[in-house]
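# Inside the fold
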Amino acid sequence: METYRAHIVTPHAAGGWADWVDGRLDVEGGVIRSAGPWRRAASYTDVRPHLMLPGLVDVHAHVPQLPVCGVHPENLLDWLQKWTFPLEARFRGARARTLSAGFIREMLGHGTTTAALYTSAWPDSVQACFDAAREAGIHAWIGPPLMDVGAYRTVTTRGVLAETRRLARLDSSRLRFAVTPRFALSCTMELLTGAGDLARELELPVQTHIAEQRDECRAVRRRFHRSYVEVYKRAGLIGPHSLFAHAIWLTDREWKRLSVSAIAHCPTSNLFLNSGVMDWWRAQSARVGLGSDVGAGPDLSIFRVARAAWTVHMMAGAPPAAGDLLRAATLGGAQALGFDDAGSLEAGKSADFILLDAARVIPPGAPEVESTDDLLSRILHRAGHSSIYQVYVAGRLLVDNATHKC
Ligand SMILES: [Zn+2]
């Protein structure tokens with residue numbers, strides 16, 4: 001058994017946050033045995049004063065799109081056609097293997113240990129991403145974006161569905177194969193319905209985009225003669241194991257329909273593509289996690305996403321509390337994905353945790369004792385890539401910046 005002594009900060013599944021300035025975490029076989037205030041131990045690793053938090057959860061990112069991050073902001077549909085699809089079309093073979101491994105490393109470097117990921121539409125990119133995720137030991141949903149309209153590869157609707165059924169064999173408890181219709185405009189009704197049927201038959205989760213931009217919603221109505229939510233409902237895609245990214249342009253009635261599902265809130269991406277602002281308070285009727293939406297998001301930092309969420313909702317008049325946003329960035333995200341053994345530092349969960357360099361989060365001269373709310377606010381507003389000190393997945397140290405700090 002390994003024992004760590006640190007300043008532990010974690011949400012609890014039962015509600016609220018624990019904040020043990022002098023805390024103890026016991027890990028056995030990659031699983032948290034107990035977490036609480038410090039008690040004497042015969043031997044332990046002392047990482048005080050650093051802050052120990054659960055690994056972050058990114059509920060929406062596109063593995064092939066990392067190379068396009070930060071450039072070419074335009075409207076969604078043009079951006080997809082001009083930059084994203086050509087990039088994804090090349091994401092296969094050795095390139096997919098190399099870039100998938102690099103993506104997972106980059107993600108871990110930002111403190112993310114659980115994620116919902118889109119690969120490219122090529123089947124070998126799915127295998128590449130599963131391999132890289134398994135190697136790291138992370139929790140993930142992984143799925144290829146299903147397309148039979150405007151696709152960057154020649155394939156029939158039946159062909160896509162047959163291929164998806166074959167790839168679904170990769171599904172396991174820690175690495176879920178997600179049925180991933182890209183978005184309504186990339187699919188015929190036949191493909192959407194086939195995807196819904198397959199997910200139900202094989203008990204697989206579903207991830208897709210919804211109501212990201214106004215023009216997109218208008219195009220959906222023109223094509224399908226009904227609202228975005230109604231299209232997905234008819235296809236059988238809305239349920240407790242479904243995750244919808246963006247959810248910006250929705251009516252009250254549509255929000256009600258989505259309340260059984262989970263939402264990926266992606267404010268950095270929404271700012272970049274000028275998509276609009278999701279209604280945080282209406283979204284609380286569903287389970288909400290935070291998504292980097294790389295490549296429309298600038299990087300894989302979930303701290304940056306949480307901060308952007310605070311900023312846009314502050315500008316809209318009502319910012320969520322820091323604790324609520326950091327909960328969405330950890331436990332809320334894990335719950336959105338249905339991973340009961342991730343997202344917080346509690347007994348029985350996977351020992352997925354990060355250490356934040358305390359000196360980079362708490363400025364010199366700050367009070368020695370602070371309320372938990374003040375600490376969470378400092379983490380929300382000051383933590384980022386440069387404050388990641390170490391990252392552990394299932395008790396294994398995978399990122400160690402301890403030696404690079406001055
Ligand atoms: Zn996306």
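Cut-offs and rules
- Residues numbered from 1 in each chain as written.
- Predicted model: local features only at pLDDT ≥ 70, side-chain atom pairs only at ≥ 80, totals over all residues.
- Heavy atoms only, no water.
- Helix = DSSP H or I, 4+ residues; strand = E, 2+ residues; numbered from the N terminus.
- Buried < 20%, exposed > 50% of the residue type's maximum accessible area, 1.4 Å probe, protein only.
- Contact = heavy atoms within 4.5 Å.
- Donors = N, O, S within 2.8 Å, 3.2 Å for Na, K, Ca; no water.
- Tetrahedral: all angles 85-135°; square planar, octahedral: opposite > 155°, others 65-115°.
- Expected span 1.5 Å × (residues − 1).

### Re the side chain of S100
Within the secondary structure, S100 sits in helix α2 (residues 93-109). In this structure S100 comes out as buried when scored by relative accessible area, which is 0%. Aside from chain neighbours lying at most four places away, what touches S100 is V63, F91, S125, A128, C129 and A132.

### Let's talk about the coordination of the zinc ion
Coordination sphere of the zinc ion, protein contribution only: H60 (NE2), H62 (NE2), H209 (NE2) and D293 (OD), at 2.1 to 2.4 Å. Geometry at the zinc ion is irregular, judged from its four donor atoms and the angles of 88 to 168° they form at the metal. Counting along the primary sequence, the residues that act as donors to the zinc ion give the motif H-x1-H-x146-H-x83-D. One end of the pair, H60, is in strand β5 (residues 56-62); the other, D293, is in the loop between β14 (287-290) and α11 (302-315), with 233 residues separating them in the sequence. We note that H60, like D293, is buried.

### What about helix α3 (residues 123-136)?
The end-to-end C-alpha distance of α3 is 21 Å, a good match for the 20 Å that 14 residues give at a rise of 1.5 Å each. By the burial criterion, the buried members of α3 are S125, V126, A128, C129, F130, A132, A133 and A136. Following α3 by one or two positions, G137 has its phi on the positive side, about 85°.

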